[in-house]
Amino acid sequence: MTDSSGAKAAMIEISGLRKDYGSVVALHDTELSVPTGEFLTLLGPSGSGKTTLLNLIAGMASPTRGRIVINGRDVTEVPAEKRGLGMVFQNYALMPHMTVSENIAFPLEIRKVPRAEIRRRVAEVLDLVRLPHVGDRKPKELSGGQQQRISIARCIVYKPDLILMDEPLGALDKKLREQMQLEIRRIHKELGITMLYVTHDQEEALNMSDRIMLMNARRVEQIGTPDQLYFAPRTQFAADFIGASTLLDATVAETGEPALLRLSASESCRVRLHSAAPVGTVGKLLLRPEALRLVQNGQVTAGHNVLHGHLDNTLVTGATSKHFVTLDNGATLAIQELTDPSTTRLEPGLRVQVSWPPETGRFLEN
Amino acid sequence: METRISGWRIALGAVVTVILAFLLLPSLITAVISFGSSNQIVFPPTGFSLNLFRRFFAEEGWVASTWLSFRVAIWSTLLALFLGIPAAYALTRGSFPGRKILALFLLSPVMVPHVAVALALYIYFTEIRLTNGELRLVFAHAIATLPFVVVTASAGLRHIDPALERAATVMGASRLTVLRRVTLPLLTPSIIASGLFAFLISFDEVVISWFVARAGDTTLPIKMFSSIQFEVSPVLAAISTMLTALSIVVCVIVATVQKEARSD
Ligand SMILES: Nc1ncnc2c1ncn2[C@@H]1O[C@H](COP(=O)(O)OP(=O)(O)O)[C@@H](O)[C@H]1O
Ligand SMILES: [Mg+2]
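Residues numbered from 1 in each chain as written. Chains lettered and ligands numbered in written order. Predicted model: local features only at pLDDT ≥ 70, side-chain atom pairs only at ≥ 80, totals over all residues. Heavy atoms only, no water.

For chain B, the name recorded in an unreviewed UniProt entry is Putative spermidine/putrescine transport system permease protein, with Bosea lupini as its organism. Annotation of chain B in UniProt includes, under Sequence similarities (unreviewed entry), the sentence "Belongs to the binding-protein-dependent transport system permease family." (UniProt positions renumbered as here; feature names shortened; annotations may be inferred.)

Chain A is annotated in an unreviewed UniProt entry as Spermidine/putrescine import ATP-binding protein PotA of Bosea lupini. Looking at the Catalytic activity (unreviewed entry) heading of the UniProt record, one finds this comment for chain A: "ATP + H2O + polyamine-[polyamine-binding protein]Side 1 = ADP + phosphate + polyamineSide 2 + [polyamine-binding protein]Side 1." Entered under Sequence similarities (unreviewed entry) in the UniProt record, the comment concerning chain A runs "Belongs to the ABC transporter superfamily. Spermidine/putrescine importer (TC 3.A.1.11.1) family."

Structure below.
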């Protein structure tokens, strides 16, 4: 399924997909195309429709309307057990009455794989998830992280075209979660299986994904690479949800390159507009903490924006420090810099300036 | 403050002891009597012997009644499981109109007085001309024990994480495979427990049996009940002791099975 341009065919093609529960919309009309081999993350707050979309793809719920094509086959009407997908659950969903090996062998037995090959493949995936010696144990004898590895092993053992994961690391503690993120990335790279990964943790999404589909209020907010979502969020929700951010009220005062934004009666700044917003458009200016500089009198680089305020406090968190500043217009913002001994001992209440180059700010319409 | 609390504790302990004694004493006294050497019911017994147990096996009718009770209990239990497990599955996993009403309906035999059920079954069996006494008992007991099976199995099913069944489905298992490889194995402890309870309830049942049994088909409880109307035979004490022992054994098995299942 390669088109004439040689681009990879889509593993998932979703069009006009919608799910209602009575009068409740669980997923608004959704379009999505996932290329083969991609690691796509569905990111969004709780209740944004991530699980609903995943369940529709898995076949565990049937859509109110729309079509789902997986690997060139329209599976909209195909029952879950005939879709040939893999799924990893938050609570592992390992069979408590089976040993680890029996759990992993289960999908192969369903596929009537010969005994000897089952034994070989079970050993192979146990190696792949780096748990070669736990085959005879019961799942409950393993730690949470180990159980999740086994549930991933059970999934990849039958080589599905597509693996769905619904908050698979949600039950693990932070350190283990980071370790497992790397593990899942490694497995994805080694096997090249298309993965659809659900999380509400933006850091996890940024760490792992080829692309992120951000969801909000049961519809797609924005879809793009982690860089695109971080540096070029299209909405205030996206800016706020991904990464740390400050959003200041702003109105377009002059168009042009760069444009002029009015922030308050006495303050304005330059910004490059990415949409054709006419003069008078109301919105917010997005500033990322690491794009801002704390400046003391007179050190502003030519062409950079400057706002005045006073320092609230400074937090040294190791290699980086955070300055919290209250602007003269009352808004507060955070500045993140590499720790510099000359700025860590500043007195709270000190008059300071905040500066940034025009291209790092971003205007987002209301 | 300190002494008040311990005073309360002593009082509470005393009340609990009295209640336990009140519950247990009759069974204990019966058990003691059953090992007595007298041929009358006397307490305290005059000496130790297994005479009363010997009489149970020697006297006409007791063993036959016991076998009848066993057969009825086994068949009615199997029938109740056969009907009750699928019903529990449908009630807990399905979503169809009238589910709640059906659940209530299946539980009705415990809500309606046993005498009423007994009379209804008597009339019903007469109406459909079911004359085989053993079959009448089996059907009647299955109806009486069905609610217990449905309740126990439903509780067991609700305990099984639905994600396990969903995981199996996504892995490609048909409904039947999910049932065979996931749901039923995980439900086994509940099935065993409900089966054993159904067996005990049937084995012990008097009221319904009294109504539906024909003249020749006396289950053990019926025979005990009718024998006490003519003479208070001390053999009854021996039988009671054996029935109590049976109950205890069954309860221990149930507890063990469920404990093992929980540790799984
Ligand atoms: N079975 C259901 N019945 C009614 N509403 C549902 C059902 N499942 C999900 N919803 C609704 O759909 C929305 C999206 O839910 P979900 O997909 O579970 O969100 P997420 O996984 O992003 O937390 C929620 O508002 C939820 O209340
Ligand atoms: Mg969810």
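Colleague: Lay out the overall build of chain A in plain terms, naming residues and giving numbers.
Modeller: A tally of helices and strands in chain A yields 9 helices and 20 strands. Reported as C-alpha extents along the three principal axes, the dimensions of chain A are approximately 75 × 45 × 45 Å. Every one of the 366 residues in chain A was classed for burial, and the buried ones make up 51%. Total accessible area computed for chain A in this model is approximately 16,500 Å², and 50% of it derives from carbon and sulfur atoms. Across chain A, 42 positive and 42 negative side-chain charges occur, with their mean positions spaced 5 Å apart. (Helix = DSSP H or I, 4+ residues; strand = E, 2+ residues; numbered from the N terminus. Buried < 20%, exposed > 50% of the residue type's maximum accessible area, 1.4 Å probe, protein only. Areas by Shrake-Rupley, 256 points an atom, 1.4 Å probe, with all protein chains shown as cover. Lys, Arg positive; Asp, Glu negative; His and termini not counted. Charge placed at Lys NZ, Arg CZ, Asp CG, Glu CD.)

Colleague: So what's going on with the nonpolar core? Which residues, and what values?
Modeller: Residues and elements named next belong to chain A. Leu53, Ile57, Ile104, Phe106, Ile150, Leu164 and Ile184 are the most contacted members of the largest nonpolar core, which totals 94 residues. Those residues in contact with Ile150 that sit more than four places away from it in its chain are Leu94, Val100, Ile104, Leu126, Leu131, Val134 and Leu142. By size, the runner-up hydrophobic cluster in this structure holds 25 residues, among which are Val252, Leu285, Leu287 and Leu327. (Core = buried A, V, L, I, M, F, W, Y, C linked by side-chain atoms within 4.5 Å. Contact = heavy atoms within 4.5 Å.)

Colleague: Tell me about unusual backbone geometry, and please be specific about residues and values.
Modeller: All names here are of chain A. Following Glu257, the chain continues to Pro258 via a peptide bond in cis, the omega torsion being -10°. Inspection of the secondary structure assignment puts Pro258 in the loop between β11 (246-254) and β12 (259-262). Positive phi, close to 55°, is recorded for Lys112, a residue that is not glycine. Along the chain, Lys112 turns up in the loop between α2 (100-110) and α3 (115-128). Under the relative-accessibility criterion, Lys112 is labelled exposed at 71%. You will see that Arg218, though not glycine, has its phi angle at about 65°, which is positive. Along the chain, the position of Arg218 falls in the loop between β9 (211-216) and β10 (219-224).

Colleague: How would you explain the pattern of salt bridges if you had to name every residue and give the values?
Modeller: Residue and element names in this part refer to chain A. Tallied over the entire structure, the rule returns 25 salt bridges over all chains. For Arg211, the salt bridge is made with Glu38, and the minimal N-O distance between the two is 2.8 Å. Of this pair, Arg211 sits in strand β9 while Glu38 is found in the loop between β2 (24-35) and β3 (39-43), placing the two residues 173 residues apart along the sequence. Grouping residues by exposure puts Arg211 and Glu38 together as buried. Of the charged contacts in the structure, one is a salt bridge between Arg186 and Glu183, with a shortest N-O distance of 3.2 Å. (Salt bridge = Lys/Arg side-chain N within 4 Å of Asp/Glu carboxyl O.)

Colleague: Which residues make up the sheet that holds β12 of chain A, and what values do they have?
Modeller: Each strand in a sheet pairs with its neighbour through backbone hydrogen bonds, running either in the same direction (parallel) or in the opposite one (antiparallel). Residues and elements named next belong to chain A. A sheet is described by the order of its strands in space; here 5 strands give the open sequence β13-β12-β11-β14-β20, paired in antiparallel fashion. Either end of the sheet is taken by a strand with one partner, and the two such strands are β13 (268-271) and β20 (362-365). Adjacent strand axes in the sheet meet at a mean angle of 45° when their direction is disregarded. Where β11 and strand β14 (residues 282-287) come together, 6 bridges link them in antiparallel fashion. Along β14, the bridge assignment pairs Ala250 with Gly283. (Pairing = 2+ DSSP bridges. Axes fitted to C-alpha atoms, helices over the stretch in contact; angles between N-to-C directions.)

Colleague: Could you give an account of the pairing of strand β4 (residues 65-70) of chain A, with specific residues and numbers?
Modeller: Residues and elements named next belong to chain A. Relative to β4, strand β1 (residues 10-21) runs antiparallel, the two sharing 5 bridges. From the neighbouring strand, Ser15 faces β4, where its bridge partner is Arg67. The pairing of β4 with strand β5 (residues 73-74) spans 2 bridges and is antiparallel. The residue bridging Val69 from the neighbouring strand is Asp74, located in β5. Remark: 2 residues form the turn of the hairpin made by β4 and β5, two consecutive strands paired antiparallel; Asn71 in that turn has positive phi of roughly 50°.

Colleague: A description of the UniProt feature "transmembrane region" (unreviewed entry) in chain B should follow, citing residues and the corresponding values.
Modeller: Residues and elements named next belong to chain B. When the UniProt feature table is mapped onto this chain numbering, "transmembrane region" (unreviewed entry) sits at residues 12-35, 72-91, 103-125, 137-157, 178-201 and 235-257. Counted over residues 137-157, helix gives 100% and strand 0%. Its end C-alpha atoms are 29 Å apart. The span residues 178-201 is 100% helix and 0% strand, and its two end C-alpha atoms sit 32 Å from each other.

Colleague: Quick rundown of the interface of chain A and chain B? Include the residues and the values.
Modeller: Contacts between the two partners involve 22 residues from chain A and, on the opposite side, 18 residues from chain B. With both sides pooled, the region where chain A packs onto chain B buries about 1,900 Å², and carbon together with sulfur makes up 69% of that total. Broken down residue by residue, the surface that chain A buries against chain B is led by Glu81, His97 and Phe106 of chain A, which jointly contribute 28%. Linking chain A to chain B there are 1 salt bridge. Between Arg181 of chain B and Glu109 of chain A there is a salt bridge whose closest N-O contact spans 2.9 Å. Counting across the interface, chain A meets chain B through 3 residue pairs in polar contact (both at pLDDT 80 or more). Looking at the side of chain A that touches chain B, the elements that each hand over two or more residues are β6 (86-88) and α2 of chain A. No other element matches α2 of chain A, which puts 4 residues into the side of chain A that touches chain B. (Buried area = accessible area lost by both parts, 1.4 Å probe. Polar contact = N/O pair within 3.5 Å; in protein donor to acceptor, adjacent residues only side chain to side chain.)

Colleague: A description of the environment of Cys251 of chain B should follow, citing residues and the corresponding values.
Modeller: Residues and elements named next belong to chain B. Relative to the assigned elements, Cys251 resides in helix α11 (residues 235-263). For Cys251, a relative accessible area of 39% puts it in the partly exposed group. For the pair Cys251 and Phe197, spaced 54 residues apart in sequence, the C-alpha separation works out to 8.2 Å.

Colleague: Outline the packing of aromatic side chains, listing residues and values.
Modeller: We describe a pair of aromatic rings using the distance from one ring centre to the other and the angle between the two ring planes. Evaluation of the coordinates by the stated rule reveals 13 aromatic pairs over all chains. Aromatic side chains Tyr230 of chain A and Phe231 of chain A sit 5.0 Å apart centroid to centroid with 85° between the ring planes, which places their arrangement in the edge-to-face category. We classify Phe231 of chain A as exposed; its relative accessible area is 57%. On the basis of an interplanar angle of 10° and a centroid distance of 5.8 Å, the ring pair of Phe35 of chain B and Phe48 of chain B is categorised as stacked. Placement of Phe35 of chain B in the loop between α1 (2-34) and α2 (51-58) and of Phe48 of chain B in the loop between α1 and α2 is noted, with a sequence separation of 13 residues between them. Residue classification places Phe35 of chain B among the partly exposed positions, given a relative accessible area of 31%. Among the aromatic side chains, those forming a connected cluster through ring pairs are Trp67, Phe70, Phe199 and Phe203 of chain B. Looking at Lys19 of chain A, its charged tip hangs above the ring of Tyr21 of chain A, at a distance of 4.9 Å from the centre. (Phe/Tyr/Trp six-rings, centres within 6.5 Å; stacked < 30°, edge-to-face > 60°. Lys NZ or Arg CZ within 6 Å of the ring centre and 35° of its normal.)

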